[in-house]
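Tertiary structure, described
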There are 4 protein chains.
Amino acid sequence: MIDAVVVGAAGYAGIETVRLLLGHPDMRVRGATSAGDAGKQVEAVYPALAGAGLTFEDLTVDEIAARGDVAFLAVPHTASLVLTPPLRAAGVTVIDLSADYRLRDAAVYESWYDTPHTSPELLPRAVYGLPEITRADLSGATLVACAGCYPTASALALAPAIEAGLLRQDAPIVVDAKSGVSGAGRSPSATTGFCAANESVRAYAIASHRHTPEIAQTVAAIAGHDVPVCFTPHLVPMTRGLLATCYVPLGADLTTSEAASIYADRYSDEPFVTVFDQGVTPSTKDVRGSNRAHLGLAVDRAARMLVVTCAIDNLVKGAGGQAVQCANIALGLRETAGLDAPAQVV
Amino acid sequence: MIDAVVVGAAGYAGIETVRLLLGHPDMRVRGATSAGDAGKQVEAVYPALAGAGLTFEDLTVDEIAARGDVAFLAVPHTASLVLTPPLRAAGVTVIDLSADYRLRDAAVYESWYDTPHTSPELLPRAVYGLPEITRADLSGATLVACAGCYPTASALALAPAIEAGLLRQDAPIVVDAKSGVSGAGRSPSATTGFCAANESVRAYAIASHRHTPEIAQTVAAIAGHDVPVCFTPHLVPMTRGLLATCYVPLGADLTTSEAASIYADRYSDEPFVTVFDQGVTPSTKDVRGSNRAHLGLAVDRAARMLVVTCAIDNLVKGAGGQAVQCANIALGLRETAGLDAPAQVV
Amino acid sequence: MIDAVVVGAAGYAGIETVRLLLGHPDMRVRGATSAGDAGKQVEAVYPALAGAGLTFEDLTVDEIAARGDVAFLAVPHTASLVLTPPLRAAGVTVIDLSADYRLRDAAVYESWYDTPHTSPELLPRAVYGLPEITRADLSGATLVACAGCYPTASALALAPAIEAGLLRQDAPIVVDAKSGVSGAGRSPSATTGFCAANESVRAYAIASHRHTPEIAQTVAAIAGHDVPVCFTPHLVPMTRGLLATCYVPLGADLTTSEAASIYADRYSDEPFVTVFDQGVTPSTKDVRGSNRAHLGLAVDRAARMLVVTCAIDNLVKGAGGQAVQCANIALGLRETAGLDAPAQVV
Amino acid sequence: MIDAVVVGAAGYAGIETVRLLLGHPDMRVRGATSAGDAGKQVEAVYPALAGAGLTFEDLTVDEIAARGDVAFLAVPHTASLVLTPPLRAAGVTVIDLSADYRLRDAAVYESWYDTPHTSPELLPRAVYGLPEITRADLSGATLVACAGCYPTASALALAPAIEAGLLRQDAPIVVDAKSGVSGAGRSPSATTGFCAANESVRAYAIASHRHTPEIAQTVAAIAGHDVPVCFTPHLVPMTRGLLATCYVPLGADLTTSEAASIYADRYSDEPFVTVFDQGVTPSTKDVRGSNRAHLGLAVDRAARMLVVTCAIDNLVKGAGGQAVQCANIALGLRETAGLDAPAQVV
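So, a few notes on the structure that sits alongside this text. All figures in this text were calculated on a predicted structure; none of them were measured in a lab.

Some remarks on the pairing of strand β2 (residues 27-33) of chain C
Residues and elements named next belong to chain C. In terms of residue burial, β2 counts as a mostly covered element, since six of its seven residues are buried. Relative to β2, strand β1 (residues 2-7) runs parallel, the two sharing six bridges. Note that in β2 the partner of A4 across the bridge is V29. Regarding topology, helix α1 (residues 12-22) serves as the crossover connection from β1 to the parallel β2, and that connection is right-handed. Sheet topology places β2 next to strand β3 (residues 56-57); two bridges connect them, and they run parallel. Counterpart to A32 in the pairing with β3 is F56.

Some points on the interface of chain B and chain A
Chain B puts 26 residues into the contact, and the matching count from chain A is 26 residues. Per-element tally for the side of chain B that touches chain A: the top contributor is helix α1 (residues 12-22) of chain B, with five residues. Tallied by class, the residues present in the side of chain B that touches chain A amount to 14 nonpolar, seven polar and five charged.

Points about the relation of the copies chain B and chain A
Expressed as a screw transformation, the operator carrying chain B onto chain A has a rotation angle of 180° and an axial translation of 0.0 Å, and the superposed copies differ by an RMSD of 0.0 Å. Both chain copies can therefore be described as sitting about a two-fold axis. The overlap is high: 100% of the interface residues of chain B also sit at the interface in chain A, so the same surface is used on both sides.

Points about the interface of chain D and chain A
At the interface, 41 residues of chain D touch 42 residues of chain A. Put simply, the parts of the chain that give the side of chain D that touches chain A at least two residues each are β8 (173-179), β9 (202-203), β10 (229-235), β11 (242-249), β13 (293-300) and β14 (305-312) of chain D. Counted by class, the side of chain D that touches chain A contains 25 nonpolar, nine polar and seven charged residues.

Notes on the environment of E214 of chain B
Residues and elements named next belong to chain B. For E214, the position within the fold is in helix α9 (residues 212-223). Judged by the 26 C-beta atoms lying within 10 Å of it, E214 falls in the buried class. Spatially, the C-alpha atom of E214 lies 35 Å from that of E43, the residues being 171 residues apart in sequence. Once residues lying within four places of it in the same chain are set aside, the contact partners of E214 are R102, L103, G148 and P151.

A short note on the sheet that holds strand β14 (residues 305-312) of chain C
Paired through backbone hydrogen bonds, the strands of a sheet run either parallel or antiparallel to each other. All names here are of chain C. Here seven strands make up an open sheet; going across it, the order is β9-β10-β8-β11-β14-β13-β12 and the pairing mixed. Either end of the sheet is taken by a strand with one partner, and the two such strands are β9 (202-203) and β12 (273-275). Both β9 and strand β10 (residues 229-235) contribute to a ladder of two bridges, which runs antiparallel. Paired with A203 across the strands is H234, a residue of β10. Packing against the sheet, helix α9 (residues 212-223) makes contact with β8 (173-179) and β10, and its axis sits at approximately 135° to β10.

Procedures and definitions
- Residues numbered from 1 in each chain as written.
- Chains lettered and ligands numbered in written order.
- Predicted model: local features only at pLDDT ≥ 70, side-chain atom pairs only at ≥ 80, totals over all residues.
- Buried ≥ 20, exposed ≤ 12 C-beta atoms within 10 Å, placed from the backbone.
- Helix = DSSP H or I, 4+ residues; strand = E, 2+ residues; numbered from the N terminus.
- Pairing = 2+ DSSP bridges.
- Right-handed = clockwise from strand over helix to strand, strands pointing away.
- Contact = placed C-beta atoms within 7 Å.
- Nonpolar A, V, L, I, M, F, W, Y, C, P; charged D, E, K, R; others polar.
- Least-squares fit on C-alpha atoms with pLDDT ≥ 70 in both.
- Axes fitted to C-alpha atoms, helices over the stretch in contact; angles between N-to-C directions.

So yeah, pure geometry; function would need other evidence.
Structure follows, in structure tokens:
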């Protein structure tokens, strides 16, 4: 049994990680930290976990290292920069859900996050945590930088097309993404209040969202060269769920059926990815609470565009579930352990 | 491994039963019947169950009996009247989610359901399926009439008070219940359309809902005499969840603390029931997808009224989960088998 | 043209009052105050009012008095205690949406609101603002204490039954009310965040909500004696809307048809009240954005209970609309001026 | 006073037209037809219109012509093909909300709608009803083919950029649109049920939606040549509202500030269009119930893409409100008559 500590466990990504680990056959939760909720029973803050018998604690790095074989860092960016070096020095496997080690180039991080990167020496050892793309590197990894929610859905939607060389070279990819409100985190704010978010949809952070360079980095890594990507996130009135609608300008003619075949082949062995038949579009509802990704695709021949939609649960495949999946691979466990439960049917 | 067939598996209660059985350690789904969706893959209708590898079938009673040790009947009322006698004759354990065997008195059934009861001879052998109230009778039962969603929440909220003799004799109990839209089933209708149900709350079937006699029967059985109950259900704009707010006129003075203590004692050994501390009220969100019931209570001393709220997921503790829990007890399995997963945290 | 100043205009009740006054034929908005948003254009905070040409200001009492013939005080309790005496001294008609002058007895106010009442001398001159109950007193009133949202729906639901003497004397009335999230105001909080409130229903402030004494006061005034009322509010996942389900123990036998007739007669001349036919229940959706109240009723003969549901928009008939209606009467304008627009049909 | 008949008044677009006409100073509703609901009071079907005093009728073309100076046809496609020729022959001004006369080329209509166009001779006289684009032609028009909901938002978002020649010639425009569920109409269906649509977002009709050729036609008319447009609609869990996110590949470098200036100039005299300042994005909530369109824009310089979002209420500016606006212009009334009410503030 592997001992895990979830750091920043009272946030949405953290508590989702706790929830999944509570049902994990090979890992157990030895600590759930929270500065703000330390001392409270987990079930007092999240009654959904009634009976879990956990208490939020405010642990030092040494205490985390003493308790955990693995630490899941569900913390804001910059917090991982502080925690990761000593945890790694103490031999703890770090599964980082923050953005701190995702971007390969510290200068790009510093530019988009507007803060110095204080441990760039760890970047070469950090493995980007998106198993469907980087599985080979994850085995035995000791520092995993889990992919963000938007980049996960975008990369799953784009990878097969780029790998297959379908992309027209001189036109930008458009990623129009829609997220449930939990993507904005647990802290109350004017924009995430029920009355503000309900019965409304809007774009935000157009051309300026911090997931933009992460998507671009993944696309460039697959393509072998930079590809312009125009990414626009939207807030949708639902709690969970993320849909990325990706528009891939095609370099050559292609039918929907041919595209579907390329995608189905690419993901045929993936335990968490389903490619839908032609004409069927994924709904975020159908992945709610699960680690699955559902993909649908169609070719708009008049516009010579491949349109791929990818639905995930932003808190599972986009956060806690992906972290557990990456940890499973890194630690040599069954990749799907703790992640078998299907989504809620309605 | 016990073989189970879910009859009426394409409806919400049926598919929820299927979902839970897919994760059950000691039962497996050997058939999922649906007249309307026969021939379709389950995942084509419910993509949430992608990878389940099941197909809806239109099975005869003989085929059900040949495949199943136990049959879960998630069918409309009167359909169980047709299926149950031959299934029982063939030795199949019947877990009935319909209303057909809930009411002890066939005449009451006939009056409220406006149809003849064609197998009243089975009524004495049917055990009412609400383990927290009828557990002793469920062990070894071969025909279980699972409690309805509203009666489940109402009975859990009322039983401790009635058992403790808190009830004032000459005043009616009020049960004001609020249900998510899935309680109305899967068939499209004018009232369950998104635009009709969204951003709205309304009462329905005032003084005429068919769960009224079922609640009254349970209350009378506990009290030892008839107690007037005024039951009003409401439709609330959410998919799942049911909250019963129960108003119990008190025969004597009582503090909230004393009431909480009575309830906590009553349910201290129940695996699925949590009684909240004074001042904390349950939210339906916190039981979403789980078989748990959360109870909160307060005494209104000026009105001499005990107010108890009980939150359940109408499709789990109010339908499929309760059916699995009853089956576990009836078949001698661990009562919580297949029902361990916590609710979604958000 | 009457000049109006809305004080506390950036909150939900205040901005709703502004919205209604913008379409009023006989009143115009001469000021919209907000301490927090002073200096911002109204449409920058509420883009729905694009083109209104208003700016939030932080006005002194003297400035309010200099600009307004009438002041609408959409402020938290205790703030009206500060504003009202000088505004009245300056001859300004005060339409108070806060709770400060609703309770006739300063001691009751002080007990429930836990603060001293600093201008009890004004209480005898304050007219309770619920035109369907207190219209006769509102004409020419210079200080109107507009009824709260829950008390409004409750009083409209209960008044005809009490006036007609239907009430059984020794049993409490139960008021089980359901409100949209806007009732909690605009400030972000843990309980009104989208992810907390969505897909959930729960009770709150059981036996302790500050609208309890206000409901009791109105019921007692109509009945001529104290009547115990057990009031429980609930939070429902919708932005606007309030449904009060009222349970009236009957002293004598009564049919639904007889009850409907009593209610229809009572409200036959009311411009904003509709009593539905037997079997039809009001939905909050159908009064969204309008000043109307919809009533449905049924008698539960087995429980000898009259069940009345009343649907209003908590921000209109429960706040800004009622304030405008009261102002219209007080100022001698057409009662429905500015309030003619029907609700949104869907 | 102009007499209006609304044909197909029981559908969402029809009843919204009725709602707006009830508050119109210069038009009155002389008939509201519905085959399915004929004989029912309007308020029995739509209680929001309590007090309207209208009854749905099943009128013949002659009866419509006898009663109405103007007929609003809120009917499915092909139904207008039947109604319009005789109504025009009888001298009735036809404001058609259906798709039947929107496409200039009957062959394109026949190809996309898969049905013959039976009155192509009327096409040259039909004016496309999108006043911000076609106002000059609408004055005195006797047959107006009101723009569809998606084409309205798309055209408003795209027109200034195309008119200003910003468009890169060889790359497709992407229109990613999100609509509330009311866009699918009133008939119950599997996909518009509350439990299916709630807490979910999905694309539909990718590369095959019938609004595609309408958008292409408008874009081509403005550009002076065909422009490839890839249009993908999405269903979002809200009742009303439509957001079109439009991606315009830029032919030359441009700042957001320059783009905003071009848009602000273009729409400076438009009574219903607001262009937001840089950094502010429109929310569909803020146009709910109103005829307004809100536009926000940003340039993604790395991808050389102009991103424009346009929010409208699909049932008002996207249907009934636009019809009234077009009728006002066609009939020589004040363009904003009956459309002055602001959106609900929350």
